[in-house]
Amino acid sequence: MDIYSGHINKLIEQLSRLPGVGAKSAQRLAFHIINMPEGEVKLLCDSISSAKENIRYCRECFTLTDTDLCPVCANAKRDHETIMVVENPRDMAAYEKTGKYEGVYHVLHGAISPMLGIGPNDLKIKELILRLEADVKEVIIATNSSIEGETTAMYLSKLIKPTGIKVTRIASGVPVGGDLECIDEVTLLRALDGRTSL
Ligand code: ZN
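Rules behind the numbers
Residues numbered from 1 in each chain as written. Predicted model: local features only at pLDDT ≥ 70, side-chain atom pairs only at ≥ 80, totals over all residues. Heavy atoms only, no water. Buried < 20%, exposed > 50% of the residue type's maximum accessible area, 1.4 Å probe, protein only. Helix = DSSP H or I, 4+ residues; strand = E, 2+ residues; numbered from the N terminus. Pairing = 2+ DSSP bridges. Right-handed = clockwise from strand over helix to strand, strands pointing away. Donors = N, O, S within 2.8 Å, 3.2 Å for Na, K, Ca; no water. Tetrahedral: all angles 85-135°; square planar, octahedral: opposite > 155°, others 65-115°. Patch = residues over 30% accessible without salt bridge, like charges linked within 9 Å, V, L, I, M, F, W, Y side chains within 5 Å. Areas by Shrake-Rupley, 256 points an atom, 1.4 Å probe, with all protein chains shown as cover. Salt bridge = Lys/Arg side-chain N within 4 Å of Asp/Glu carboxyl O. Polar contact = N/O pair within 3.5 Å; in protein donor to acceptor, adjacent residues only side chain to side chain. Expected span 1.5 Å × (residues − 1). Arc of directions from axis to C-beta. Contact = heavy atoms within 4.5 Å.

Colleague: What is the right way to read the pairing of strand E4 (residues 103-107) from this model?
Modeller: On a regular strand, one side chain projects to one face of the sheet and the next to the other, so that they alternate. Burial of E4 is extensive: five of the five residues sit out of reach of the surface. Taken together, the five bridges between strand E3 (residues 79-86) and E4 define a ladder with parallel strand orientation. Among the inter-strand pairings, Val-86 is bridged to a residue of E4, identified as Val-107. Crossover connection from E3 via helix H5 (residues 89-98) to parallel E4: handedness right-handed.

Structure follows, in structure tokens:
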């Protein structure tokens, strides 16, 4: 017999589908939401729906943005001839937070993982190659140092090298398996400065 009403169970079930939310946290969140004032619940629901409706991929770098071009791509002061390839918008945000990188980005939305059945066609790789037809001096591969990140880096370097464009890989000061977003700014900048040619 279910202890909770069907509505609560449904809410708990939906919340527990979110990454990092276990059964216990889902219950805690569900009861918290139910005890919130109605106005706040509506605000939460509205912000989820409007984020989903209004956020799209940047036309150039494929990060998530409200506008056709993200603020980085739209900024003429950035060095548009240097492209840093990252796995996801959170990694891009980590580098942006350092305030020291002046180039632009390309967001792959994942990494190659045969285990999970994620191949090159599931990522924004074709879109990256298309961007290389413009004037590009360097592609910095800043995928994570996980097996998937390294596999992706190797794949990209083989793909880009024949174009004659310089391909570099951020230094492996980044802990193995480390998510870029969890790494402090100093380590990120050291990894960027110590990048090596592939
Ligand atoms: Zn962009």
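Back to the write-up after that little detour.
Colleague: Would you take a moment to explain the coordination of the zinc ion for this structure?
Modeller: Metal coordination angles have textbook ideals: 109.5 degrees for a tetrahedral set of four donors and 90 or 180 degrees for an octahedral set of six. The zinc ion binds to the protein through Cys-58 (SG), Cys-61 (SG), Cys-70 (SG) and Cys-73 (SG); the donor distances cover 2.3 Å. The coordination sphere of the zinc ion comprises four donor atoms, whose angles at the metal cover 106 to 117 degrees; the geometry is tetrahedral. Read N to C, the donor residues that coordinate the zinc ion are spaced as C-x2-C-x8-C-x2-C. The same class applies to Cys-70 as to Cys-73, namely buried.

Colleague: Could you clarify how one ought to interpret a nonpolar patch on the surface in this entry?
Modeller: The grouping of Ile-55, Tyr-57 and Leu-64 at the surface amounts to a nonpolar patch, some 280 Å² of accessible area in total. Relative to the helices and strands, Ile-55 resides in the loop between helix H3 (38-54) and strand E1 (56-57). By relative accessible area, which is 38% here, Ile-55 ends up partly exposed.

Colleague: For this particular structure, what's the right way to read the environment of Thr-152?
Modeller: Take Thr-152: it is sitting in helix H7 (residues 147-160). Owing to a relative accessible area of 0%, Thr-152 belongs among the buried residues under this scheme. Note: C-alpha distance between Thr-152 and Gly-119 (33 residues apart in sequence) is 9.4 Å. Only 2.8 Å separates the side chain of Thr-152 from the backbone nitrogen of Ile-112, close enough to count as a polar contact.

Colleague: Is there a simple way to explain helix H2 (residues 23-35) in this structure?
Modeller: Along an α-helix, residues three or four apart share an orientation, since each turn contains 3.6 residues. Relative to the 18 Å expected for 13 residues at 1.5 Å per residue, H2 spans 19 Å between its end C-alpha atoms, a close match to the ideal helical length. Ala-26, Ala-30 and Ile-33 are the residues of H2 that are buried. What you see down the axis of H2 is that its buried residues fit within an arc of 65 degrees, all on one side. H2 presents Lys-24, Arg-28, His-32 and Asn-35 as exposed residues on the side facing more than 90 degrees away from its buried surface. Tucked into the core, H2 has its buried residues touching helix H1 (6-16) and H3.

Colleague: What am I meant to see in unusual backbone geometry here?
Modeller: Note: most peptide bonds trans; most residues except glycine with negative phi. At Phe-62, a residue that is not glycine, the phi angle is positive and equals roughly 70 degrees. Of note, the phi angle at His-109 is positive, near 65 degrees, even though the residue is not glycine. With respect to the helices, strands and loops of the structure, His-109 is situated in the loop between E4 and helix H6 (125-131).

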